[in-house]
Amino acid sequence: MSGTEQTATAIVRCEHCLREVPQAQAVHAMIDGSMKHFCCHGCLGVYELIHNASLDAFYEQRCQWAPGVPSFEKTDPQAFASTIVRTPNGNRIDLQLAGIRCASCVWLIEKYLSKQKGVLSVRVNYATNRAAIEWNPEVTGLDVILDTLHALGYTARPVRSGGTTEGLMIEKQELLLRFGTAGFFSMQLMLIAAALYAGFFQGIENEYRLAFQLICWALATPVVFYSGYPFLAGAIRSIRSLNPNMDLLVALGTLSAYLYSIAMIPTGGEVFFDTSAMIVTFILLGRFLEAGSRLKAGSAIVALAGLQPQEAVLIKENGQRETVTLDRVPPGSIIEIIPGTKIPLDGTVIEGEAEINESMLTGESLPVMKVPGSSIFAGTVNANGRLLARVTGSPGETLLAGIIRTVEEAQSRKAPVQQLADRVAGYFVPAILLVALMTFLFWSGSGTITALMNAVSVLVIACPCALGLATPLAILVGSTAAGKEGVLIKGGDIFETVSKTTTVVFDKTGTITRGKPSVTDVVDFGTSTDFRQCAASLESASEHPAGKAIAADWNGKLLPVESFRAFPGQGVSGTVQNETWLGGSAAFMLLNHVELTPEQHAQVRRIEEEGKSVVVLATGTRAAGIFGLIDEIREDLPELISALRRRKMKIMMLTGDNHGVASRIASRCGITDMQAELSPAGKASVIEELKAAGENVMMIGDGINDAPALTAADTGVTLGSATGIALESAGVAVLTDRLLLVDTLIERSKRCFSIIRQNLAWAFLYNLAAVPLAVSGMLHPIVAALLMASSSLIVVGNSLRLQKTPT
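In this report, we go over the structure that sits alongside the text. (Residues numbered from 1 in each chain as written. Predicted model: local features only at pLDDT ≥ 70, side-chain atom pairs only at ≥ 80, totals over all residues. Heavy atoms only, no water.)

Points about the sheet that holds strand S12 (residues 334-337)
The strands making up a sheet associate through backbone hydrogen bonding, with each pair oriented either parallel or antiparallel.
At step 1: With antiparallel pairing, six strands are arranged side by side in an open sheet as S11-S10-S12-S18-S13-S16. Lying at the two open borders of the sheet, with one neighbouring strand each, are strand S11 (321-325) and strand S16 (375-376).
At step 2: Judged from the four bridges that link them, strand S13 (residues 347-351) and strand S18 (residues 387-391) form a sheet pairing that is antiparallel. Bridging across to S18, Glu351 finds its partner in Leu388. (Pairing = 2+ DSSP bridges. Helix = DSSP H or I, 4+ residues; strand = E, 2+ residues; numbered from the N terminus.)

Examining the packing of helix H15 (residues 448-461) against helix H28 (residues 741-775)
At step 1: In contact at an axis separation of 8 Å, H15 and H28 are set at 165° when each is read in the N-to-C sense. Considering the angle they form, H15 stands roughly antiparallel to H28. Both H15 and H28 take part in a crossing whose hand is right-handed. Contacts between H15 and H28 involve Asn454, Ser457, Val458 and Ile461 from the former and Tyr766, Asn767, Ala770, Val771, Ala774 and Val775 from the latter.
At step 2: Along the lines of polarity and charge, the residues of the contact of H15 with H28 split into seven nonpolar, three polar and no charged. (Axes fitted to C-alpha atoms, helices over the stretch in contact; angles between N-to-C directions. Parallel < 35°, antiparallel > 145°, perpendicular 65-115°, else oblique. Left-handed = near helix turned anticlockwise from the far one by under 90°. Contact = heavy atoms within 4.5 Å. Nonpolar A, V, L, I, M, F, W, Y, C, P; charged D, E, K, R; others polar.)

Details of unusual backbone geometry
At step 1: The backbone of Ser563 sits at a positive phi, close to 55°, despite the residue not being glycine.
At step 2: The residue Ser563 is located in strand S22 (residues 561-567) in this model.
At step 3: A positive phi angle is found at Gln577, which is not glycine, with a value near 55°.
At step 4: Assignment of secondary structure puts Gln577 in the loop between strand S23 (571-576) and strand S24 (579-584).

Some details on the nonpolar core
At step 1: Ranked by internal contacts, the top residues of the largest apolar core, which has 48 residues, are Phe506 and Ile512.
At step 2: Considering every element that reaches this core, the biggest residue donor is H28, with eight residues.
At step 3: Dropping the residues within four chain positions of it, Phe506 is found in contact with Thr511, Ile512, Leu637, Leu640, Ile641, Leu644, Ile651, Met652, Met653, Leu654, Ile700 and Leu739. (Core = buried A, V, L, I, M, F, W, Y, C linked by side-chain atoms within 4.5 Å. Buried < 20%, exposed > 50% of the residue type's maximum accessible area, 1.4 Å probe, protein only.)

A few points about the pairing of strand S26 (residues 622-630)
At step 1: With respect to burial, S26 is a largely interior element, seven of its nine residues being buried.
At step 2: As defined by bridge partners, strand S21 (residues 518-524) adjoins S26 across six bridges and the pair is classed as antiparallel. Within the sheet, the bridge partner assigned to Val522 lies in S26 and is Phe627.
At step 3: As judged from the seven bridges shared by strand S25 (residues 613-619) and S26, these two strands associate in the antiparallel manner.

What about the packing of helix H19 (residues 531-539) against helix H20 (residues 545-552)?
To describe two helices that pack against each other, one gives the angle between their axes and the distance between the axes.
At step 1: Two elements in contact, H19 and H20, have axes separated by 8 Å at closest approach and are oriented at 135°. One way to sum up the angle between H19 and H20 is to call them oblique. Viewed along their axes, H19 and H20 form a crossing whose handedness is left-handed. Judged by residue contacts, Ala535, Ala536 and Glu539 of H19 engage Gly547, Lys548, Ile550 and Ala551 from H20.
At step 2: Class assignment of the residues belonging to the contact of H19 with H20 gives a composition of four nonpolar, one polar and two charged.

Focus: the side chain of Ser333
At step 1: Relative to the assigned elements, Ser333 resides in the loop between S11 and S12.
At step 2: Reaching out from Ser333, the side chain makes a polar contact with the backbone oxygen of Pro330 at a distance of 2.8 Å.
At step 3: When near neighbours in sequence (up to four residues on either side) are disregarded, Ser333 contacts Leu314, Ala389, Arg390 and Val391. (Polar contact = N/O pair within 3.5 Å; in protein donor to acceptor, adjacent residues only side chain to side chain.)

Dropping the structure here:
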């Protein structure tokens, strides 16, 4: 062959995608004084993009990269419109990314996107190939982000809630295939190995021994390199990143026995292919069972995600109905929900009445009657009536989506107790490698085989997996089990904090009381001829339970209200019929220069002495009248108070109501520690004082006026439907009105934290006992592999006990 022909047929490897192409067909470019070869201009463009951003480390870190460019297509940004979620800092979206090959892809995406103007945060989960991206919409747009991902070679697709478990399902299926392969070949291998062992004791001819050894080699090879590929690949990654992990221990143990056996075949020595194969088989079995348990624990989230319908009946402006996908239903649209169907989006009823089954969100079995003005939630079921509702948010902003998103994030947050395990795990693998080396040197005087087998046993039996699983799996199971009962826990660290609670602080209105007061007294001071109508009109715009009660007590026509303002914990103001009206507490009146006469003060005191709340209405600077309201105490409050006292917890009530009403409510509940007439900031200050005194404080409130106090407390708990501010302010949202679930929360938190401590104690004690046994030569590597897999399964089984309902 001539030199010209050799040049024409020479093969070069693409610098970006590693695909081999004839040199004559390649694209060549001089970069930093060095000639680079590419299979196409697209790979050249991506390479220059990464190189110009100083992210060339991507090419050094990547592994498991099959040659060739991943197939991807550019995505229409409009397909993601319904999955964008508004946050206090900007917009957020979850994306499913195609084309991720290894951990270096995650590193590249996070580093490169973070450098883009307007991108606030980027988190990519390698296990699920999901990216959570937050950006400032005033600086950049989703189309720019998608184009950037496309330029890097990754395809973004909308992600469904609960998609985290899809990664677990794929992982479980892959583990099943690898374990099945390992099990099949290992069974055949053990039969041949049994013949070799028999020959060792009874004698065997050399040609038969050689034949059996070669068969063992052939059977062990697919187990080690196919079934054991995840361990080998993980070991290579750990070496490249200088971060030794469990995969490195398994790979070293397996390859030591495998390579030593190959070396012994020509010499006629003993081989241990069965050891290398069984190590892989047993550990794969453990991981397969572990993946199944994690998938089972997260199944409740998948079930919740399945509640979300994919279509809605949209009412057009001309009155016609059209069934459309949810991304074509913008907020403010009117949708129809017929009996027997699931509600597709959160909204407000504008026409019709129906009973709605909300058990999948709240755990309450009884249906809830919905009338015009009532809120409805996606995923709940319309039992028996036709409704028209105005949509209040996109699919990504529904209560159901928020719950799923919060739970998924909670399961990834670590409890503080895990920090010790994380620190130990960082030194664990290097320490085990050193111990294995010392074991080999110590036993080398007894022969190479003995030294090697004991060193392999040390490598295999050590189990940082149990340490790694101890906390996150317990949190996964615990938070999922609590969610089934209607308790939404925002983070895994909440379990530890709740378990240490010493003081429980209650808000009054809507927490101790039902939050649905009724008007019992109306006193008109004669200042305005239409006092009740104006008062009802003003309060109709209020979200406070007292305001709603005053508005509901008026059966006539409501007047328009302009310039309405709400002052949390104090009152409201607005313009009605060109007059400024105020409604709120007596203290609020004083702040606005409204003074009550002695006779009016006497009327206020008379109503308060009856244990009722008083709302004063004023026009201008003159008091127009007062309303007396009574709010019944929750039926299950006494039982909760008794349960908390049995736990030796301090109980306190904080309220913005007047001292007289607060005292009577507190005495009826048996609460002796109480503070009244507090602003929202005042409640937060009291909680800060309690914390400064060494108390671990749980605050239970309604999640709106109590937001500062909920945030200040060690644990904030909201009752009722988890509004956006509740999820932001509180660590726990009880999705029903059952106060007793607070005791369930405490009990589950104590159990979960106890399980975590048990798991960590087992993980530490197991290694303290098992490693010395392996060093002493008392464990064969196959037994060591079985024990190592069993140690992780014990942690899994112990964590799954949290699925049981506390008794």
